[in-house]
Amino acid sequence: MNNRFQKFSVAIISIALMLILAACSSPIATPTPKIAPSVVPTKTPAPTAAPKPIAIYSPGSLPAAVRSHLDEMIKAQPAQFTLAGDPATASLQVGYTAHADVPVIGQWVFALVAPFPTAIDDVPWSAVQSAWQGQPVTCEGCTFTGTLRLTDSTLQALKAVLGDPAPNAIEVVPPDQLTQKLWDAQPALGIVPFDELNIRLKVLSIDGLTPLHRNLDLNTYPLVVNVGLAGSLESAQTAQKSFGQSITNRDESKLSIVAMTGVTAMSRDFAASMDANGVLYPDKLIKDYFTTSDIVHISNEVSFDPDCPKQPTLNRGIFCSDPKYMDLLKDVNVKIIELTGNHLNDYGWEPFSYTLGIYESLGIPYFGGGRTITEAARAVTLQDHGNAITFVGCNPVGPSIDWVDGLNDGRPGSAPCSSPFPTMQAEIRQARAAGQVVVATLQYYEQPLGDYSVETAKVQADDFAILADAGANVVSGSQGHSIQGFGLRGNTFIHYGVGNLFFDQMQAINLRQNFIDRYVIYNNQVLSAELLTTMRDEAALLRPMTAQERRELLTELFAVSNW
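Reading the values: the criteria
Residues numbered from 1 in each chain as written. Predicted model: local features only at pLDDT ≥ 70, side-chain atom pairs only at ≥ 80, totals over all residues. Heavy atoms only, no water. Helix = DSSP H or I, 4+ residues; strand = E, 2+ residues; numbered from the N terminus. Contact = heavy atoms within 4.5 Å. Areas by Shrake-Rupley, 256 points an atom, 1.4 Å probe, with all protein chains shown as cover. Buried < 20%, exposed > 50% of the residue type's maximum accessible area, 1.4 Å probe, protein only. Polar contact = N/O pair within 3.5 Å; in protein donor to acceptor, adjacent residues only side chain to side chain. Pairing = 2+ DSSP bridges. Axes fitted to C-alpha atoms, helices over the stretch in contact; angles between N-to-C directions. Salt bridge = Lys/Arg side-chain N within 4 Å of Asp/Glu carboxyl O. Disulfide = S-S within 2.5 Å. 1 Å grid on protein atoms, 1.4 Å probe; cavity = no way out; pocket = protein on both sides within 12 Å on 5 of 7 lines; lining within 4 Å. Points joined across faces, edges and corners; volume = space filled by probe spheres on them. Left-handed = near helix turned anticlockwise from the far one by under 90°. Nonpolar A, V, L, I, M, F, W, Y, C, P; charged D, E, K, R; others polar.

Novice: Help me out: how do you make sense of the overall build of the protein chain in this one?
Specialist: For the protein chain, the helix and strand inventory stands at 15 helices and 30 strands. Pairs at least 24 apart in sequence give 73% of the contacts found in the protein chain among residues at least 6 apart. Total accessible area on the protein chain stands at roughly 25200 Å², and carbon and sulfur atoms take up 54% of it.

Right, dumping it as structure tokens:
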């Protein structure tokens with residue numbers, strides 16, 4: 001093949017290849033013009049109106065305490081709630097209710113009461129219901145034929161539980177006249193809000209339940225009325241969620257129960273019984289009287305001595321206690337020790353100083369005695385559940401060897417005093433000015449009328465009245481081996497002699513009978529006194545009295561008391 005042909009062939013092949021490659025390649029893309037997006041104007045949202053506060057109306061028939069509590073809760077949340085002055089403009093109305101389906105924001109507790117010198121203790125709920133219908137009240141050892149007395153506010157509340165009373169079944173009394181009306185009409189029954197109780201009224205339990213005790217089941221105690229919200233259910237549920245169930249006139253976090261006792265002298269036959277039966281033998285049947293109290297007072301008249309002779313000794317008028325007996329006082333939950341007793345230095349001042357060291361090591365405060373006159377005469381204040389309770393006491397009896405510095409030798413001992421008790425009066429006034437509850441005690445003369453009489457001599461009543469007039473809320477006689485009666489002076493409760501607690505005297509029944517006085521204190525006010533009664537059938541073992549023993553004892557003592 002000649003060269004001209006070869007060149008022509010190559011040219012032809014090159015052209016063919018170029019045409020094939022052009023056919024296989026993608027065409028050149030033409031740019032797409034951009035389109036501007038359409039602009040949609042944004043609307044400004046209309047402002048949302050703030051929800052109106054829920055208007056709540058509380059009628060004037062409710063207790064002032066309920067309305068005050070509600071006012072405080074509403075003012076604390078002004079964005080959510082407001083007070084309505086007119087029920088027509090309110091979404092909700094506060095009122096008493098017995099209906100479980102109504103949102104509840106509190107509970108109001110009431111007490112069945114009688115004048116204090118009433119011997120019965122318990123009334124069946126069925127009897128209260130009968131009284132509401134105008135029927136006589138009958139219970140074990142009692143019959144009440146008169147009307148129930150209460151205030152209009154209490155009447156409106158109890159209608160929610162008991163319905164409308166029968167005609168003439170109820171006497172509505174102004175609050176400031178109720179207590180006196182009950183006393184004037186004895187025997188008489190009334191119903192009072194728990195927080196309006198006073199020391200001149202006795203609280204009666206209902207089927208064994210009393211608002212004076214801790215851990216009260218308000219679902220079973222009958223004199224409880226719910227504070228509920230009527231109106232818009234949604235608003236009521238909102239308010240209930242916000243408020244809880246906090247409106248009450250009985251808040252146990254503000255409640256103190258103080259147990260005051262009589263003579264403790266763990267020696268002689270009492271000590272021998274403990275040695276034989278165990279140190280905790282004496283309180284095994286009554287321990288719950290103490291463990292259900294917040295503050296237990298013990299007037300221990302005898303010093304501990306490591307060298308105390310085995311009991312009983314031949315000299316039955318000289319006392320000491322084995323230090324192991326302190327376990328009994330710890331077992332009854334003692335919170336404060338009174339040292340006005342007149343046997344503290346029977347074995348010399350050294351055992352008493354040793355005893356003070358025991359109390360101090362256990363952190364148990366004491367009053368009415370000490371190492372110096374300043375310590376012995378000072379008042380001691382305990383804080384409990386928001387209450388301030390002050391204790392002060394002294395010993396006007398002696399003997400000199402028992403008093404602080406009684407022999408001019410600097411010895412420790414009880415606080416000496418004499419009527420009109422100027423130091424105690426000053427301590428009482430100072431404590432009362434500070435808003436404290438004051439319990440004043442005296443180690444008084446034991447037999448001013450002889451033979452351990454249950455009656456009270458005029459000189460003793462006059463001296464106890466001095467402390468009451470100084471402002472003491474409670475005046476208690478710690479000296480009495482024999483129980484004695486009571487007194488009321490203004491709003492001061494007086495018990496002239498509480499009787500033997502841990503001591504051995506068995507020669508007369510009134511030496512074997514004993515009181516444990518429990519004072520119920522709420523918001524630094526003494527609301528009530530509960531008298532617990534025990535009996536010793538042998539030297540050291542205390543038991544609760546039977547219902548008949550108790551009723552007979554109270555009837556006897558109330559008859560000789562200074563009301």
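Novice: I would appreciate a short explanation of helix H7 (residues 268-277) in the present structure.
Specialist: Residues lying three or four places apart along an α-helix face the same way, a consequence of the helix completing one turn every 3.6 residues. Along H7, the residues classified as buried are Arg268, Phe270, Ala271, Ser273 and Met274. Against helix H9 (326-331) and strand E27 (500-502) lie the buried residues of H7. Within two residues after H7, glycine 278 carries a phi angle of roughly 110°, on the positive side.

Novice: So what exactly am I meant to see when it comes to the side chain of threonine 151 here?
Specialist: Along the chain, threonine 151 falls in the loop between strand E8 (148-150) and helix H4 (152-162). Here the side chain of threonine 151 touches threonine 154 through a polar contact of 3.1 Å, side chain to side chain. Those residues in contact with threonine 151 that sit more than four places away from it in its chain are Val172, Val173, Pro174, Pro175 and Leu178.

Novice: Looking at this structure, how should I read the environment of phenylalanine 144?
Specialist: Topologically, phenylalanine 144 is positioned in strand E7 (residues 142-144). Taking the relative accessible area as the measure of exposure, phenylalanine 144 reaches 6% and is therefore buried. Once the C-alpha coordinates of phenylalanine 144 and glutamine 186 are considered, the two residues, 42 residues apart in sequence, prove to be 9.1 Å apart. Setting aside its immediate chain neighbours within four residues, phenylalanine 144 contacts Thr118, Ile120, Pro136, Val137, Pro187, Ala188 and Leu189.

Novice: So what exactly am I meant to see when it comes to the pairing of strand E24 (residues 474-477) here?
Specialist: The two faces of the sheet receive side chains in turn, since in a regular strand these alternate between them. Burial of the side chains of E24 extends over both faces: Val474 and Ser476 are buried on one face and Val475 and Gly477 on the other. Bridging between strand E23 (residues 437-442) and E24 involves four bridges; their strand directions are parallel. Bridge pairing in E24 links leucine 442 to glycine 477. Note: E24 against strand E26 (residues 492-495), three bridges, orientation parallel. Residue pairing for E26: serine 476 is matched across the bridge by histidine 495.

Novice: Explain the sheet that holds strand E21 (residues 387-394) here, please?
Specialist: Where strands meet in a sheet, backbone hydrogen bonds hold them as pairs that are either parallel or antiparallel. If you walk across this open sheet you meet the six strands as E20-E21-E23-E24-E26-E25, and the pairing is mixed. The open sheet has two edge strands, strand E20 (380-384) and strand E25 (486-489), and neither has a second partner. Taken pair by pair, the neighbouring strands of this sheet meet at an average axis angle of 20°, ignoring direction. On the sheet, helix H13 (residues 458-469) packs against E23, E24, E25 and E26 and is oriented at approximately 150° with respect to E24.

Novice: Just to check I follow, could you spell out the pattern of salt bridges for this structure?
Specialist: Side chains that differ in charge, positive against negative, can pair when their charged atoms come close. Tallying each qualifying case throughout the model produces 22 salt bridges. Lysine 159 is paired through a salt bridge with aspartate 164; the nearest N and O atoms lie 3.9 Å apart. Taking relative accessible area as the criterion, lysine 159 reaches 31% and is therefore assigned partly exposed. A salt bridge links glutamate 549 to arginine 543, with the shortest nitrogen-to-oxygen separation between them at 3.0 Å. Sharing partners across several salt bridges, the network here consists of Arg214, Arg250, Glu252 and Asp294.

Novice: How should I be thinking about the state of the cysteines in this particular structure?
Specialist: Linking two cysteines covalently via their sulfur atoms produces the bond known as a disulfide. In the structure shown here, the tally under the stated rule is two disulfides. Each sulfur in the disulfide pair cysteine 308 and cysteine 320 lies 2.0 Å from the other. Given an S-S torsion of about 80°, the disulfide between cysteine 308 and cysteine 320 has right-handed geometry. Here cysteine 320 lies in the loop between strand E16 (295-300) and H9 and cysteine 308 lies in the loop between E16 and H9, a separation of 12 residues in the sequence. Cysteine 308 gets classed as buried once you look at its relative accessible area, which sits at 16%. According to the relative accessible area criterion, cysteine 320 is buried, its value standing at 1%.

Novice: Just checking my understanding: could you explain the layout of surface pockets for this structure?
Specialist: Summary: where empty space remains is shown by rolling a probe the size of a single water molecule over the atoms. Roughly 600 Å³ of internal volume is contained in the largest pocket. Surrounding the largest pocket, 29 residues form its lining, Thr210, His213, Glu530, Leu532 and Arg550 being those nearest its centre. Of all the elements in the fold, those that place two or more residues in the lining of the largest pocket are strand E11 (201-206), helix H8 (287-291), strand E29 (525-536) and helix H15 (547-559). For the lining of the largest pocket, the element with the most residues is E29, which contributes six residues.

Novice: So what exactly am I meant to see when it comes to the pairing of E25 here?
Specialist: Bridge analysis of E25 against E26 gives four bridges, and the strand direction is antiparallel. Looking at the pairing, phenylalanine 486 lines up with histidine 495 of E26. Hairpin geometry of E25 and E26 is characterised by an intervening segment of two residues between the two adjacent antiparallel strands and by a positive phi of about 65° at glycine 490.

Novice: What should I look at first to understand unusual backbone geometry in this one?
Specialist: Among all residues except glycine, the phi angle is most often negative; among peptide bonds, the trans geometry is most common. Glutamine 311 connects to proline 312 through a cis peptide bond whose omega is -5°. Tracing the sequence through the fold places proline 312 in the loop between E16 and H9. Cis peptide bonds are those with omega within 30 degrees of zero, and the linkage from serine 419 to proline 420 qualifies with 15°. By secondary structure assignment, the location of proline 420 is in the loop between strand E22 (413-414) and helix H12 (422-433). Unlike most non-glycine residues, asparagine 333 shows phi in positive territory, near 65°. The phi dihedral of histidine 385 falls on the positive side, at around 50°, and the residue is not glycine. With respect to the helices, strands and loops of the structure, histidine 385 is situated in the loop between E20 and E21.

Novice: Sorry, what's going on with the packing of helix H3 (residues 125-132) against H4 here?
Specialist: A pair of packed helices can be characterised by two numbers: the angle between their axes and the separation between those axes. Their axes nearest at 12 Å, the elements H3 and H4 cross at an angle of 115°. By crossing handedness, the relation of H3 to H4 is classed as left-handed. Counting all contacts with H3, which are made through Trp125, Gln129 and Trp132, the residues of H4 involved are Leu155, Leu158, Lys159, Val161 and Leu162. Its residues assigned to classes, the contact of H3 with H4 shows six nonpolar, one polar and one charged.

Honestly, that's just the spatial picture; any functional story needs more than this.
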